[in-house]
Amino acid sequence: MKYLVLLGDGMSDEPLGQLGGATPLEKADTPHMDRLARQGSIGLVRTVPDGFHPGSDVANLSVFGYDPHQCYTGRSPLEAASMGVELGPDDVAFRLNFVHLVPHFNKLYMGDFSAGHIPTDQAQSLIAALKEYLEDDQFQFHPGVSYRHLMVWRGGSEAMQCTPPHDITNKCIGEYLPKGEGAEELIHLMTQAQIVLKNHPQNLRREQEGELTANSIWLWGQGRAPRMKSYRELYGLSGAVISAVDLIKGIGIYAGMEAIRVPGATGYIDTNYRGKAEAALAALEEKDFVYVHVEAPDEAAHSGNLEHKIRAIEDFDREIVGAIVEGLQGRHDFRLAVLPDHPTPVEKMTHTADPVPFILYDSTSPRESGHSGYSERNARESDLFYASGVELFAALLGR
Ligand SMILES: O=C(O)[C@@H](CO)OP(=O)(O)O
């Protein structure tokens, strides 16, 4: 038996007036997920425990079958693991976003939390500049994917309150700057980075090409290294994780899995879907479990782009769910969960903590469930509800 989680980040949403009360998931053409919903079971699962911020870090830890109460220490330490950055007991990892801030009168606003989804190669030249001018034995910078990078504060503090930049699009940043112990050092670093970035050739080129500049960094998601048992210890399973983003690969690494690098996986709507599906099928020839994560629906929703979100859902259905299920038919028996990690409503342009719709499917016992297809509404009307990702994961394993 093979086990799979196929996850569309931020895929679920809310009814939209412009869709006649339908959600993007209902509007999207998703024949593969609809068939699995009809032949499997659907329901709702609470992936974000009460009291936690509805980040993809907490939600995906939960879908991986971990209890965030027991192992969550912040997003960035998970990302550091994927980037191969060792954290000592006194080190604090911070997510470093390249962002585009917009001045208006004497205030600054969060114009774009991704600096226009700056391409990875361009961002790496900016990280190199931060390393050259700002790095010392306290603060170190490490390149990641697109706008997502890492800053490590050796012997630093994690006690301050930081805000995810994708939660404050178009808002004045003043009240959202870091607060509390260590905040002053972070704000000083952000200010110095703005000086380094201001006339950097990469930004001057972006400006000439009409692209948003990365005119600042934004530090958040801080924490120290977590302690997590591996899947081998917990379930006796080997596994692989396939994602473009370091957060998900980092969780997989802490779970003792192989993080498979797929060329052209961008974490955006132009990602290499086919390559991710092929990598998942190849991994399952030798692994028991695979976790395939697609970031695109979330990115589209954070940008408030409904057309892109519907396209990302349809691409996920065809190129990931359809391609992988077709590739497994006749080769392996398998049990499969399909779901988002959290809702990212297009109109809100950020996450909510609401429970998400899931599909559970067993290739050895397909049945007619009576559901018309995969949607938030059908999942809500089913009688299946799991109060945590741990419970859903146990149901996936059938244990
Ligand atoms: O990587 C990120 O910065 C965020 C925002 O796009 O992604 P996610 O919401 O999946 O954590």
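What counts as what
- Residues numbered from 1 in each chain as written.
- Predicted model: local features only at pLDDT ≥ 70, side-chain atom pairs only at ≥ 80, totals over all residues.
- Heavy atoms only, no water.
- UniProt positions renumbered as here; feature names shortened; annotations may be inferred.
- Domains from an automatic or database assignment.
- Contact = heavy atoms within 4.5 Å.
- Buried area = accessible area lost by both parts, 1.4 Å probe.
- Salt bridge = Lys/Arg side-chain N within 4 Å of Asp/Glu carboxyl O.
- Polar contact = N/O pair within 3.5 Å; in protein donor to acceptor, adjacent residues only side chain to side chain.
- Nonpolar A, V, L, I, M, F, W, Y, C, P; charged D, E, K, R; others polar.
- Buried < 20%, exposed > 50% of the residue type's maximum accessible area, 1.4 Å probe, protein only.
- Helix = DSSP H or I, 4+ residues; strand = E, 2+ residues; numbered from the N terminus.
- Pairing = 2+ DSSP bridges.
- Near = heavy atom within 4 Å.
- Areas by Shrake-Rupley, 256 points an atom, 1.4 Å probe, with all protein chains shown as cover.
- 1 Å grid on protein atoms, 1.4 Å probe; cavity = no way out; pocket = protein on both sides within 12 Å on 5 of 7 lines; lining within 4 Å.
- Points joined across faces, edges and corners; volume = space filled by probe spheres on them.
- Disulfide = S-S within 2.5 Å.

Going by the annotation in an unreviewed UniProt entry, the name recorded for the chain is Phosphoglycerate mutase, with Geothermobacter ehrlichii given as the source organism. Within the UniProt record for the chain, the comment given under Pathway (unreviewed entry) is "Carbohydrate degradation." Per UniProt, the chain has the following entry under Catalytic activity (unreviewed entry): "(2R)-2-phosphoglycerate = (2R)-3-phosphoglycerate".

Below, the discussion takes up the domain arrangement of the chain. The parts lose accessible area when they come together, and the size of an interface is often stated as this lost area. As assigned here, the chain comprises domain 1 (2-72 + 229-397) and domain 2 (92-223). Taking only C-alpha atoms into account, the centre of domain 1 sits 29 Å from that of domain 2. Contact residues are listed per partner, giving 14 residues for domain 1 and 10 residues for domain 2. Interface area, domain 1 with domain 2, both sides summed: about 920 Å², of which 51% is carbon and sulfur. The tally of links between domain 1 and domain 2 comes to two salt bridges. Close ionic contact of arginine 148 with glutamate 295 constitutes a salt bridge, the shortest N to O distance being 4.0 Å. Our count for the contact surface shared by domain 1 and domain 2 stands at five residue pairs in polar contact (both at pLDDT 80 or more). The residue inventory of the side of domain 1 that touches domain 2, partitioned by class, reads four nonpolar, seven polar and three charged.

Of all seven residues making up strand 12 (residues 356-362), seven are buried, and the element is well covered by its neighbours. Pairing of strand 11 (residues 334-339) with strand 12 involves four bridges; the strand directions are antiparallel. Bridged to alanine 337 within strand 12 is leucine 360.

Every one of the 14 residues lining the ligand counts as a neighbour, but Ser56, Arg75, Arg95, Glu299 and His351 are closest to it. The side chain of tyrosine 147 places a nitrogen or oxygen atom 2.9 Å from an oxygen atom of the ligand. Here an oxygen atom of the ligand and a side-chain polar atom of glutamate 299 are 2.5 Å apart. Within the complex, the protein chains bury 98% of what would otherwise be the 300 Å² of accessible surface of the ligand. Across the shell around the ligand, the residue classes break down as three nonpolar, four polar and seven charged. Here the shell around the ligand spans two domains, and each of domain 1 (2-72 + 229-397) and domain 2 (92-223) adds at least three residues to it.

Attention now moves to unusual backbone geometry. Non-glycine residue phenylalanine 105 carries a positive phi angle of around 55 degrees. Here phenylalanine 105 is to be found in the loop between strand 3 (91-104) and strand 4 (107-112). The exposure class assigned to phenylalanine 105 is exposed, which follows from its relative accessible area of 79%. Positive phi values are uncommon outside glycine, yet alanine 115 reaches one of about 50 degrees. Relative to the helices and strands, alanine 115 is located in the loop between strand 4 and helix 6 (120-134).

The subject of this paragraph is helix 2 (residues 31-39). When helix 2 is considered as a whole, its buried residues turn out to be Met33, Asp34, Leu36, Ala37 and Gln39. For helix 2, the elements touching its buried residues are helix 1 (24-27), strand 2 (41-45), helix 13 (306-328), strand 11 and strand 12.

Right, let's get into the environment of methionine 83. Relative to the helices and strands, methionine 83 is located in the loop between helix 5 (76-82) and strand 3. For methionine 83 and histidine 149, which are 66 residues apart along the polypeptide, the C-alpha to C-alpha distance reads 9.2 Å. When residues no more than four places from it in sequence are discounted, the contact partners of methionine 83 are His142, Pro143, Gly144, His149, Leu150 and Asp246.

Right, let's get into the pattern of salt bridges. Evaluated as defined, the whole model comprises 16 salt bridges. Between aspartate 91 and arginine 154 there is a salt bridge, and its shortest N-O distance comes to 2.5 Å. You can see aspartate 91 sitting in strand 3 and its partner arginine 154 sitting in strand 6 (residues 148-154), a full 63 residues away along the chain. A residue is classified by how much of its surface remains accessible, and aspartate 91, at 9% relative accessible area, is buried. Residues joined by salt bridges that share partners form a network here, namely Arg274, Asp315, Arg318 and Glu319.

Attention shifts here to empty space enclosed by the protein. Applying the stated rule across the entire model yields one cavity of 30 Å³ or more. Here the largest cavity is characterised by a volume of approximately 160 Å³. Elements represented by at least two residues in the lining of the largest cavity include exactly strand 3, helix 10 (246-254) and helix 12 (296-302). Ranked by residue count, the leading element in the lining of the largest cavity is helix 12, at three residues. The residue inventory of the lining of the largest cavity, partitioned by class, reads six nonpolar, six polar and eight charged. Here the lining of the largest cavity gathers at least three residues from each of two domains, domain 1 (2-72 + 229-397) and domain 2 (92-223).

Per the stated rule, a full pass over the model turns up zero disulfides. This cysteine, cysteine 162, is not joined by any disulfide, and cysteine 172 carries the nearest cysteine sulfur, 17 Å off.

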